[in-house]
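Residue-level listing of the chains:
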Amino acid sequence: MLVGPLVVVLGLLGYLAAALATARVAYGMERARIIEVERDWHADEDPVERFREQGQSAATVAGFLYGLAWPLVVPAYFFYRCAVLVITLRPPATPYERDRRAERLDARIRELEASLGLGGRVPDENGPLS
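Presented here is a report on the structure given in the accompanying data block. Predicted model only: the values in this text are computed from it and were never measured. (Residues numbered from 1 in each chain as written. Predicted model: local features only at pLDDT ≥ 70, side-chain atom pairs only at ≥ 80, totals over all residues. Heavy atoms only, no water.)

### Quick look at the nonpolar core
Rule in force here: Nonpolar cores were defined as sets of buried Ala, Val, Leu, Ile, Met, Phe, Trp, Tyr and Cys residues, with membership established by side-chain atoms within 4.5 Å. Per-residue accessibility, obtained with a 1.4 Å probe over protein chains only, is compared with the maximum for each type, and a residue is labelled buried under 20%, exposed over 50%, and partly exposed between these values. Starting at the N terminus, helices and strands are each numbered in turn, a helix being any DSSP run of H or I of at least four residues and a strand any DSSP run of E of at least two. Contacts: residue pairs with any heavy atoms within 4.5 Å of one another.
One finds Tyr27, Ile34, Ile35, Phe51 and Ala59 forming the largest nonpolar core, which totals 5 residues. Top element by residues in this core is helix H1 (residues 3-41). It accounts for 3 residues. Residues in contact with Ile34, not counting those within four places in the same chain, are Phe51, Gly55 and Ala59.

In structure tokens form, the structure reads like this:
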């Protein structure tokens, strides 16, 4: 009869431990984001000090809410990261990117020809370079 309440207590402790870990990670991510934004918006002030004065409570609340909803947040975050990886992995090159690559290759070929002393001469099909 003691097994039922023990399982419930252990399950609750596990949920709370995962919630605290998720809240800690979410707080850290939110803190880094806010400090980065503050650094860009207010270059003349210390961004960490502005975070402590104005953004810490918002980051704490966001972390707390993410922690409470960790059964949804953690899988959603991992799915999001995987989706970003798959979507942005290697998109097909645009015509502009292909043109830039061709220009870089042509410039590299000219550089190598110059270093070999070829001077852009094309070999004759019947013999050595003229």
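Next comes the rest of the account.
### Re the environment of Gly28
Within the secondary structure, Gly28 sits in helix H1. Taking the C-alpha atoms as reference points, Gly28 and Thr60, 32 residues apart in sequence, are found 9.3 Å from one another.

### Some words on the pattern of salt bridges
Put simply, the rule reads: Any Lys or Arg side-chain nitrogen located within 4 Å of an Asp or Glu carboxyl oxygen qualifies as a salt bridge.
By the definition in use, this model includes 7 salt bridges. In this structure, Glu30 and Arg33 form a salt bridge, with 2.6 Å as the shortest nitrogen-oxygen distance. Of this pair, Glu30 and Arg33 both sit in helix H1, 3 residues apart, which is roughly one turn of the helix. Residue classification places Glu30 among the buried positions, given a relative accessible area of 18%. The shortest N-O distance in the salt bridge between Arg50 and Glu45 comes to 3.1 Å.

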